[in-house]
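# Architecture at a glance
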Amino acid sequence: MPGMIDRLKQSADDLGADRVTKFPAGWTPGIEMKDSSSGVLVTRPSAKQAANWEEELRSWGFDPALYEVIEPVQYRTWEMYTTAQGVVQLHYYKANIRSRTEGVLAADAESMKRSIAKHRAKALPLPGEQGFVFAIADPQVGKPGSDATIGRWMEAIDRATDQIRFLRSAGVSIGEVWVLTLGDLIEQCDGFYSYQAFDSVLNRRDQITVAYRALWHTIRELAPLSSRLVVAGVGGNHGENRTRGGKVVTGPADNDDLLITQMALDLARANEDAYGHVEGQVPDSALSISMEIAGWPVGLAHGHQMGSRKRSSEGVLDWWAKQTFGGLNVAQARLLLTGHFHSLRIVEDGSRVWCQCPTLDDGSAYYAERTGSGADSESSGVLTMTVGPQGPDHFRKV
Ligand SMILES: [Mn+2]
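The following refers to the structure shown. Predicted model, so just to flag it, every value in this text is computed and none were measured.

### Here's the deal with the pairing of strand β9 (residues 288-293)
- Both β9 and strand β10 (residues 296-301) contribute to a ladder of six bridges, which runs antiparallel. For E292, the partnering residue across the bridge sits in β10 and is P297.
- Hairpin connection between β9 and β10: a loop of two residues separates the two successive antiparallel strands, and A294 in this loop has a positive phi of roughly 45°.

This is how it looks when you write it as structure tokens:
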């Protein structure tokens, strides 16, 4: 398309003008849009006294079906010397124009209406193979209500098994299964809150034994349903080896949550024939880890390292953002799973999702006194989901 100067020269040549006249300020021919739906049109100088608006709009590349001139219009006229015709009188107009559809192109609306009318509901299976996640958080075996907690854990295995079969029958391709331990698998007996020794219903040996057998049973039940089963976990605050005064004795590597996860994994490794497809990821001492579930980057952290003020969504996302800034373990993750804060929460922020996994425990008057929630087991369970090339999906608390 010729530029404006070329058009002006052409216009002047048609008139036999010697040179292009300088235009008064605000009267340079063209269209100037103020926004997507309105603007100002100034016509080219013409020897004719009436403007043909449709032709004018079209000559500047604007479809008269989509734009219109708003009356009244401004008009100017002046004289110009031309070699061919001597002095000629020229006319030009200035008018506001607007989109006939106030910003939405009529053609787009029509195509949207057509696609709505054409649509018929159909099955859209998730593309790609998905990993199935079973996220165990905060059973705190050894606190009051532990019988019910173990019952809930076993039922969660039943429901997760159903869920895998249900998703497969709906066309979701599930290959890997991930059993994640998000910390606080046992309660401990002392050093975590003031009357804990009086409150605990199992000694430490029984707590560890019950927790690792429940985890090992989970692996045994879910392993036959998967082509690859991965056990991964992080340590929680209740797993720490603490003094009576509540201080960590040796360091973050000395954590019973990691020990329990490691013990269950060792049992799988001892039986290669049945569990050769079981793998594990247990950190040496890091409090957060990351992994790829069916190609999607996932991070795990218990949550106690964030401090109690991090209970809010903003707090956890702020912690995650700063870990990312520091290039730490969860920096690349696009899905972060935490425990510690007990109530289910799924928060999406941009391209990242944070899942606060529900607690498996039986509720706690102490926790409710501090936080206002979790007095009973009404919202307890295990969070399951699929994770695949398009991220997490199919969230279900079982
Ligand atoms: Mn905790």
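### Remarks on helix α4 (residues 146-169)
- In this model α4 runs 35 Å from its N-terminal to its C-terminal C-alpha over 24 residues, within 8% of the 34 Å that 1.5 Å per residue would give.
- All buried positions along α4 are accounted for by S146, T149, R152, W153, A156, A160, Q163, I164 and L167.
- On its buried side, α4 packs onto β5 (130-136), β6 (174-181), α6 (204-222), β14 (383-388) and β15 (391-397).
- The positive-phi residue at the C-terminal boundary of α4 is G171, with phi of around 95°.

### Let's talk about the sheet that holds β14
- Taken in spatial order, the six strands make up an open sheet running β8-β7-β6-β5-β14-β15, and their pairing is mixed. Single-partner strands in this sheet number two, and they are β8 (278-281) and β15. Here the strands of the sheet are splayed against their neighbours by 20° on average, with no regard to which way each runs.
- The pairing of β6 with strand β7 (residues 228-233) spans six bridges and is classified as parallel. Looking at β7, one finds that V179 is bridged to V231.
- Most of the contacts of helix α7 (residues 256-269) go to β7, to which it runs at about 160°, and overall it touches β6, β7 and β8.

So, how was this worked out
- Residues numbered from 1 in each chain as written.
- Predicted model: local features only at pLDDT ≥ 70, side-chain atom pairs only at ≥ 80, totals over all residues.
- Pairing = 2+ DSSP bridges.
- Helix = DSSP H or I, 4+ residues; strand = E, 2+ residues; numbered from the N terminus.
- Expected span 1.5 Å × (residues − 1).
- Buried ≥ 20, exposed ≤ 12 C-beta atoms within 10 Å, placed from the backbone.
- Contact = placed C-beta atoms within 7 Å.
- Axes fitted to C-alpha atoms, helices over the stretch in contact; angles between N-to-C directions.

Nothing here speaks to function; it is geometry throughout.
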